[in-house]
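Residues per chain are reported as follows:
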Amino acid sequence: MSDSVHRSASSSTEATAGSARPLDIALDLIRRAILPLTVVGLGGGLALAWAGNSEGAALAWAIPSIAVAIRLAWSIVRDLVDGQVGVDVIAILAIVGALLF
């Protein structure tokens, strides 16, 4: 009996995983990659700056900043649609301002 319950549970899990929308999968990947990308970008940028490669350091810092800004903008849009406004708007303005200057 437990074998049939196990098969039924695993098939429902497979159906759920198989029916995930591509956008949800992409957003989940981005959510999981933001912290490692940020840490690698910070460390790589510091190493490049210490080595005297300021252009490489700027690029290493810009890539994770852009990824975080995109994820934060998506979160802000979702919150605005739900009728919530938070301090994330200030954070996105700070990130965009730092990238522009």
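Residues numbered from 1 in each chain as written. Predicted model: local features only at pLDDT ≥ 70, side-chain atom pairs only at ≥ 80, totals over all residues. Heavy atoms only, no water.

**A word on the overall build of the protein chain**
- When helices and strands are tallied, the protein chain shows 4 helices and 0 strands.
- What you see in the protein chain, going N to C, is helices and strands ordered as α-α-α-α. (Helix = DSSP H or I, 4+ residues; strand = E, 2+ residues; numbered from the N terminus.)

**A look at the packing of helix α3 (residues 54-81) against helix α4 (residues 88-100)**
- Viewed as axis vectors pointing N to C, α3 and α4 meet at an angle of 150°, and their least axial separation amounts to 10 Å. As summarised for this structure, α3 and α4 are arranged roughly antiparallel, according to the angle between their axes. Crossing angle aside, the handedness with which α3 passes α4 is left-handed. Side by side, α3 and α4 meet where Ala62, Ser65, Ile66, Val68, Ala69, Leu72, Ala73, Ser75, Ile76 and Asp79 of the first sit next to Asp88, Val89, Ala91, Ile92, Ile95 and Leu99 of the second.
- Its residues placed into classes, the contact of α3 with α4 shows 12 nonpolar, 2 polar and 2 charged. (Axes fitted to C-alpha atoms, helices over the stretch in contact; angles between N-to-C directions. Parallel < 35°, antiparallel > 145°, perpendicular 65-115°, else oblique. Left-handed = near helix turned anticlockwise from the far one by under 90°. Contact = heavy atoms within 4.5 Å. Nonpolar A, V, L, I, M, F, W, Y, C, P; charged D, E, K, R; others polar.)

**Structural notes on the environment of Val96**
- For Val96, the location among the structural elements is in helix α4.
- Judged by relative accessible area, Val96 falls into the partly exposed class, the value being 37%. (Buried < 20%, exposed > 50% of the residue type's maximum accessible area, 1.4 Å probe, protein only.)

**Re empty space enclosed by the protein**
- All told, the structure shown has 1 cavity of 30 Å³ or more when counted by the stated rule.
- Every residue along the wall of the largest cavity is listed here: Ile76, Asp79, Leu80, Gln84, Val85, Gly86, Asp88 and Val89.
- For the lining of the largest cavity, the secondary-structure elements that each account for two or more residues are α3 and α4.
- When residues in the lining of the largest cavity are grouped by element, the largest group, 3 residues, is from α3. (1 Å grid on protein atoms, 1.4 Å probe; cavity = no way out; pocket = protein on both sides within 12 Å on 5 of 7 lines; lining within 4 Å. Points joined across faces, edges and corners; volume = space filled by probe spheres on them.)

**What to know about the confidence of the model for the protein chain**
- Here the protein chain shows a mean pLDDT of 78. Residues at 70 or above account for 81%.
- Here residues 1-16 is modelled with pLDDT under 50, and outside its nearest four sequence neighbours on either side it reaches 0 contacts, counting other chains as well. (pLDDT = per-residue confidence, 0-100.)

**Considering the pattern of salt bridges**
- Per the counting criterion, the structure on display carries 3 salt bridges.
- Of the charged contacts, one joins Asp24 and Arg21 as a salt bridge, the two residues approaching to 3.4 Å between their closest N and O atoms.
- Asp28 is the salt-bridge partner of Arg31, the closest N and O atoms lying 2.3 Å from each other. Residue Arg31 and its partner Asp28 are located together in helix α2 (residues 22-50), separated by 3 residues, close to a single helical turn.
- Residue class for Arg31 comes out partly exposed when judged on its relative accessible area of 48%.
- A relative accessible area of 25% places Asp28 in the partly exposed class.
- One continuous salt-bridge network, built from bridges that share partners, spans Asp28, Arg31 and Arg32. (Salt bridge = Lys/Arg side-chain N within 4 Å of Asp/Glu carboxyl O.)

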